[in-house]
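# Coordinates in review
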Amino acid sequence: MRQTSIGGQIDNWFGPNTNCLLAMCRSAGFASAKLEYVVDRKAGVTCSRLWEPEAAAATEAPPRIGSAVNNRSGDAYFHIGKDEYVCLYFKHSRPSLKKGELRVEVDGYGVTVLTLTRKDEDGWQANLRLPSGLAVGDHRIRLRTEGSFFSNSFRIVALAPGEDRD
């Protein structure tokens, strides 16, 4: 009897397709995942926690953040170690936006937008997961579109496990 394994590796029990591989990278907290190659059932991906640099010249006005709050409590406090989500409320003059066009950062690290909802004529809500690895304390969140400079920043606070807000 002949034994075989996925990709000829006895420890490789999982063989995702390329779309799944890229999605796993983004769900692990990477802002971007770029497929570099696919050869003989193998793929290479470059992942980054940073967005591409801002363009030298903006083609549109930057968004304006009104607030960034915890989706459960409605305040700017988040608990490290919990599965916390940020509701980012902002204004932007473009009549249509797609979540893939937004570049949200927390302390310089890119965060992928999970959902984007238009609230009114120029009001938007972007939902995102609080990035892993944040230290306890104050952090700054900001965003831009692919064609704009960064918005104003907004303060959020990461609390230690079991810590209550002031």
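Everything below is about the structure printed above this text.
Residues numbered from 1 in each chain as written. Predicted model: local features only at pLDDT ≥ 70, side-chain atom pairs only at ≥ 80, totals over all residues. Heavy atoms only, no water.

Relative to the helices and strands, Asp-120 resides in the loop between strand S8 (113–118) and strand S9 (123–129). The partly exposed category is assigned to Asp-120, whose relative accessible area is 39%. Taking C-alpha positions, Asp-120 is 9.3 Å from Lys-91, a pair spaced 29 residues apart along the chain. One polar contact links the side chain of Asp-120 to the main-chain amide nitrogen of Gly-123, over a distance of 2.6 Å. (Helix = DSSP H or I, 4+ residues; strand = E, 2+ residues; numbered from the N terminus. Buried < 20%, exposed > 50% of the residue type's maximum accessible area, 1.4 Å probe, protein only. Polar contact = N/O pair within 3.5 Å; in protein donor to acceptor, adjacent residues only side chain to side chain.)

Another point: the sheet that holds strand S10 (residues 137–145). Pairing is mixed in the open sheet, where five strands are placed in the order S4-S11-S10-S6-S7. Looking along the sheet, the strands with just one partner apiece sit at the ends: strand S4 (77–79) and strand S7 (109–111). Taking each pair of neighbouring strands and ignoring which way they run, the sheet shows an average axis angle of 35°. In terms of strand pairing, strand S6 (residues 102–106) meets S10 through five bridges, oriented antiparallel. Following the sheet pairing, Val-104 is matched in S10 by Leu-143. (Pairing = 2+ DSSP bridges. Axes fitted to C-alpha atoms, helices over the stretch in contact; angles between N-to-C directions.)

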